[in-house]
Amino acid sequence: MTKQWRLFIDSSKRCLEALLLHIGNELASIPIAYSIHLKEMYSTMKVLLQNIKYEEYQRLVCGDFKAIGILLGQQTEYTKVPCFICEWDSRTLE
């Protein structure tokens, strides 16, 4: 049954949300997490995944490029192009 659902994580300026989306769209989406106080950061994503027991169910994860980059550990704050190797601020003028 868990293979029929995928986890969707997204955030906007107002909220962070996680939904279960049915593969094939035969069933309605199920909201499982919503917060107006949490931001889209690795530490927040880690807590979210722990609370919904991701390790136990291991559903497919989908989201926008920023959310997926954060889950993969890529830096998104300062670089124009997120990279897991780069830790320098590409916008800094020397």
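Please refer to the structure placed before this passage.
### Observations regarding the packing of aromatic side chains
Okay, so step 1: Under the defined criterion, the tally for this structure stands at zero aromatic pairs.
Okay, so step 2: Between Arg 59 and the ring centre of Tyr 57, over which it is positioned, the NZ or CZ distance is 4.8 Å.

### Observations concerning the environment of Ser 29
Okay, so step 1: Its location among the elements puts Ser 29 in the loop between strand S2 (16-22) and strand S3 (30-35).
Okay, so step 2: Separated by 23 residues in sequence, Ser 29 and Arg 6 have C-alpha atoms that sit 9.9 Å apart.
Okay, so step 3: The contact partners of Ser 29, leaving out residues within four places of it in the chain, are Leu 20 and Leu 21.

### Points about unusual backbone geometry
If a residue is not glycine, its phi is most likely negative; likewise, a peptide bond is most likely trans.
Okay, so step 1: If you check the backbone angles, Lys 53 has positive phi at about 55° while not being a glycine.
Okay, so step 2: Tracing the backbone through its elements, the reader meets Lys 53 in the loop between helix H1 (42-51) and helix H2 (54-57).
Okay, so step 3: If you check the backbone angles, Gln 58 has positive phi at about 45° while not being a glycine.
Okay, so step 4: Relative to the helices and strands, Gln 58 resides in the loop between H2 and strand S4 (60-63).
Okay, so step 5: Judged by relative accessible area, which is 44%, Gln 58 ranks as partly exposed.

### A look at the environment of Lys 46
Okay, so step 1: Checked against the element boundaries, Lys 46 lands in helix H1.
Okay, so step 2: Separated by 24 residues in the primary sequence, Lys 46 and Ile 70 place their C-alpha atoms 9.9 Å from one another.

Cut-offs used in this document
- Residues numbered from 1 in each chain as written.
- Predicted model: local features only at pLDDT ≥ 70, side-chain atom pairs only at ≥ 80, totals over all residues.
- Heavy atoms only, no water.
- Phe/Tyr/Trp six-rings, centres within 6.5 Å; stacked < 30°, edge-to-face > 60°.
- Lys NZ or Arg CZ within 6 Å of the ring centre and 35° of its normal.
- Helix = DSSP H or I, 4+ residues; strand = E, 2+ residues; numbered from the N terminus.
- Contact = heavy atoms within 4.5 Å.
- Buried < 20%, exposed > 50% of the residue type's maximum accessible area, 1.4 Å probe, protein only.

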